[in-house]
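These are the residues of each chain, in order.
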Amino acid sequence: MIKPFASGGIMNVVYRVDLSVGDCDQLSAVVASKAGAQKRKRAQILLAAAKGVTDITIAQTLPCGLSTIYRAKKRFVTEGLEASLEERPGRGASRKLTKQEEASLVALACSTPPQGRRRWTLELLAGEFIRLVEHDTISRETIRRRLEENDLKPWQRKMWCVPKVDAEYVARMEDVLDLYMEPPDEKRPVVSFDETPIQLIGEARVPVSQAPGRPARTDYEYRRNGTANLFVFVDAHRAWRHVKVTDHRTNIDFAHCMRDLVDCHYPHADRIRVVLDNLSTHRAKNLYEAFPPEEARRILRRLEFHYTPTHASWLNMVEIEISVLASQCLDRRIPDRPTLEREISAWEERRNVTGARIKWMFDAAAARRKLGKLYPALAPALQAA
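Computed from a predicted structure; not experimentally measured.

### Re the overall build of the chain
For the chain, the count of helices and strands is 16 helices and seven strands. The C-alpha atoms of the chain give 34 Å as radius of gyration, which overshoots the globular expectation for 385 residues (21 Å, by more than 25%). With 385 residues in all, the chain has 37% of them scored as buried. A separation threshold of at least 6 residues defines the contact pool for the chain, and within that pool the share at least 24 residues apart is 67%. Total accessible area on the chain stands at roughly 24000 Å², and carbon and sulfur atoms take up 52% of it. Within the chain, the 51 negative side-chain charges are centred at a point lying 6 Å from the centre of the 62 positive side-chain charges.

See below:
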């Protein structure tokens, strides 16, 4: 219960705060929550006032102004517990732009920037917009707020791959998804394959090791020691992956990787199903460029290539493994190829021994359910049939 009372013959209203156990619990929960800072401060004011703490002490402790404490108590008296914690809208100035002017600003921000400029900035928009409306000046902050309200950030760009989803896309997608959903078969394994480049970076100066109270320090200068290529294999149904380091990723390199797959990694398999993207080096003809015809034919008899759709690298399981490799092993300066091979070999052995594998959950049924609108539509005659 909160009561005002008069003192000294002059109506100087003082608001006294008396809280019930339930009120204290509710206010304590607000203080401990992730509510807004002002809401938590009002709850702290009321809890302190209920304990008899003076306004001056509260103001010094929180800190806050005496007028803030007075308003919190007054709202508590006149409006109750819930209303006293709510944030009230301020009495700011009226909006400078009309609805029609805001619509013009949105259209301008969505248009092509001026010639010679890559993108719109707040200053560019303010300068251009002032020509379209009857205002003498428009501040940068006004432009920013109106764009923020409309969820517009014309200075940002996102790179996005927009695939053409046609019958060919769907056929390849469901073919790969079915491979991933098959039960493990030692005679017909499914292997996802891809490659990724890496820069070899050496130190310009010797790094300083970390010590208690001092982080490791690395000079911002470095030496570029060339590049290497990583061919990555990952089994879709068991905990196995292999990374082959090469200088290049030519047709010949791809052919040798396929021979390694057949003769070294899966010598007892009848048929190896290989999931690939559409890179020009991923072709059966490359084996005829690298080996005699009888050797190329021998290798290809045991391989079966399955290509992901164009612009659908998310379907290649090995992309996930490459991301893990990059974050766990390659995210540092590695100066030369021998060091790179040792580090990758250690990472690969640990991953294989510990049984780490990718558990693919997205199947053809899920694709039809979630991407159904993108599937090719049947002709009306076929739908009727």
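### Let's talk about the confidence of the model for the chain
Note: predicted coordinates in regions of low pLDDT should not be interpreted at a detailed level. Residues with a pLDDT of 70 or more make up 92% of the chain, whose mean pLDDT is 88. This model gives residues 5–11 a pLDDT under 50, and the stretch forms six contacts once residues within four places in sequence are excluded.

### Observations concerning the side chain of His282
Mapping His282 onto the fold places it in the loop between β6 (272–276) and α11 (285–290). The buried category is assigned to His282, whose relative accessible area is 0%. Aside from chain neighbours lying at most four places away, what touches His282 is Phe193, Asp194, Glu195, Phe254, Leu276, Asp277 and Tyr307.

### Digging into the sheet that holds strand β3 (residues 190–203)
Spatially, β5-β4-β3-β6-β7 is the arrangement adopted by the five strands of the open sheet, whose pairing is mixed. Where the open sheet ends on each side, the last strands, each with one partner, are β5 (241–246) and β7 (303–307). This sheet shows a mean twist of 30° between the axes of neighbouring strands, independent of strand direction. Bridge count between strand β4 (residues 222–235) and β5: six bridges; the pairing is antiparallel. What sits directly across from Phe233, in β5, is His242. Where helix α10 (residues 251–265) meets the sheet, it contacts β3, β4, β5, β6 and β7, and its direction lies at approximately 45° from that of β4. Sheet strands in contact with helix α14 (residues 337–353) are β3, β4 and β5, and its direction is about 175° off that of β5.

### Some thoughts on helix α4 (residues 66–79)
Taking 1.5 Å per residue as the helical rise, α4 with its 14 residues ought to reach 20 Å, and the 20 Å between its terminal C-alpha atoms agrees with that figure. Considered for burial, the residues of α4 that qualify are Ile69, Ala72, Lys73, Arg75 and Phe76. Looking down the long axis of α4, one finds its buried residues gathered within 160° of arc, a one-sided arrangement. Once α4 finishes, Gly80 follows within two positions and takes phi at roughly 100°, a positive value.

Thresholds, definitions, all that
- Residues numbered from 1 in each chain as written.
- Predicted model: local features only at pLDDT ≥ 70, side-chain atom pairs only at ≥ 80, totals over all residues.
- Heavy atoms only, no water.
- Helix = DSSP H or I, 4+ residues; strand = E, 2+ residues; numbered from the N terminus.
- Rg over C-alpha atoms; globule rule 2.2 N^0.38 Å.
- Buried < 20%, exposed > 50% of the residue type's maximum accessible area, 1.4 Å probe, protein only.
- Contact = heavy atoms within 4.5 Å.
- Areas by Shrake-Rupley, 256 points an atom, 1.4 Å probe, with all protein chains shown as cover.
- Lys, Arg positive; Asp, Glu negative; His and termini not counted.
- Charge placed at Lys NZ, Arg CZ, Asp CG, Glu CD.
- pLDDT = per-residue confidence, 0-100.
- Pairing = 2+ DSSP bridges.
- Axes fitted to C-alpha atoms, helices over the stretch in contact; angles between N-to-C directions.
- Expected span 1.5 Å × (residues − 1).
- Arc of directions from axis to C-beta.

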